[in-house]
Amino acid sequence: MKVSVLGCGRWGSCIAWYLDKTGHEVLSCGLPDAPEFIALRDTRKNDYLEFPESIEVSCDLEYAVSRAEVIVISISAQHLREYMADISKYSLEGKIIVLCMKGVEEATGCRLSEVVGAFVDEEKTPIAVWVGPGHPQDFTKGIPNCMVIDSKNEEVKNLLCNKFSSSLIRMYIGDDFIGSEIGAAAKNVIGIVAGMLDGMQYQSLKGALMARGTREIARLIEAMGGNPFSAYGLCHLGDYEATLFSKWSQNRMYGESFVLGKTYGKLAEGVMTTKALKKLAEKYNVEMPIVSVLYDTLFEGKPFEKSMEELFGRSVKTEFY
């Protein structure tokens, strides 16, 4: 398939590398002044991988869109709406848009597929999401993992799973579009809390965090009309090892750096997703104590130690309440 991957960051470059490896005609497209794009254009390398000559590199967005059967977008979640405003200037009819990014729009509480859906006719331009565990640092070493592709369009998600699956990434067909998106976005929030626990040397609490965090997200997914059991699949709980424990997890590293008073300069999508989830919790009247604790710490200046005391010192409740 002719695939254009829009976004040259850690995940965008890895997806381009992977899809080329699995036999597709790949173009990697980035902003002309972005350091990530410049590095790939000039050296065909970044901190994670090296592009083979078969991958085309371009900053021509119109060309990238026009040539593609499948457009994979991998950029910062909070910039998706403005990016779609640029992309939608060109004809998207007959193309498949795949979101290989995890987040919820902070300003509106919209899922990312809803943001894209504001710019396209989904009957003519189907939208899919590609979520699940894994890090470029592992994939480029040949370490396999499992991921999920989901869409409201049954034909499209079956097609993509068949075309994109390999011995390196085993693709599963998702069956809960809402749950897949919310679960994937929310795991970054839980990942930040896990990093904070690491920074405080409270790793023993990660078990409780995983059990309670999954249940908390399941309640939100259900309230939004999804299947609560999706929270226990690859989109969320199945991504915990990569997000809550791995040294490559940017959200975990952000949380650890935060409580240690250090600056972490890389993108941690979970920060703004925390704001978005708090809005969704209020909108759908869902109790989300972990999200609330993190929000208070990140945006209200409340010491994390105090928040943790309150979280784990709440009144006695039945497990998974």
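None of the values given here were measured: they were computed from a predicted structure.

### Some thoughts on the pattern of salt bridges
Inference 1: Taken as a whole, this structure holds 16 salt bridges when the rule is applied.
Inference 2: In this structure, the salt-bridge partner of Asp42 is Arg41, at a minimum N-O distance of 2.8 Å.
Inference 3: For Asp42, a relative accessible area of 52% gives the class exposed.
Inference 4: What makes Arg41 partly exposed here is its relative accessible area of 44%.
Inference 5: Linking Lys157 and Asp150 is a salt bridge whose minimum nitrogen-to-oxygen distance equals 3.5 Å.
Inference 6: Residue Asp150 is classed as buried on the basis of its relative accessible area of 1%.

### Focus: the side chain of Ser4
Inference 1: Mapped onto the fold, Ser4 is located in strand S1 (residues 2–6).
Inference 2: A residue is classified by how much of its surface remains accessible, and Ser4, at 0% relative accessible area, is buried.
Inference 3: A polar atom in the side chain of Ser4 sits 3.0 Å from the side chain of Arg67.
Inference 4: If near-sequence neighbours (up to four positions away) are discounted, Ser4 is found in contact with Leu27, Ala64, Arg67, Ala68, Val70, Ile71 and Val72.

### Quick notes on the pairing of strand S4 (residues 70–73)
Inference 1: Across the two faces of S4 the burial is the same, with Val70 and Val72 and Ile71 and Ile73 all buried.
Inference 2: Sheet topology note: the S4/strand S5 (residues 96–99) ladder contains four bridges and is parallel. Bridging across to S5, Ile71 finds its partner in Ile97.
Inference 3: In this fold, S4 hands off to helix H4 (residues 80–87), which returns the chain to S5; that crossover is right-handed.

About the criteria used
Residues numbered from 1 in each chain as written. Predicted model: local features only at pLDDT ≥ 70, side-chain atom pairs only at ≥ 80, totals over all residues. Heavy atoms only, no water. Salt bridge = Lys/Arg side-chain N within 4 Å of Asp/Glu carboxyl O. Buried < 20%, exposed > 50% of the residue type's maximum accessible area, 1.4 Å probe, protein only. Helix = DSSP H or I, 4+ residues; strand = E, 2+ residues; numbered from the N terminus. Polar contact = N/O pair within 3.5 Å; in protein donor to acceptor, adjacent residues only side chain to side chain. Contact = heavy atoms within 4.5 Å. Pairing = 2+ DSSP bridges. Right-handed = clockwise from strand over helix to strand, strands pointing away.

Everything listed is a geometric property; what it means functionally is a separate question.
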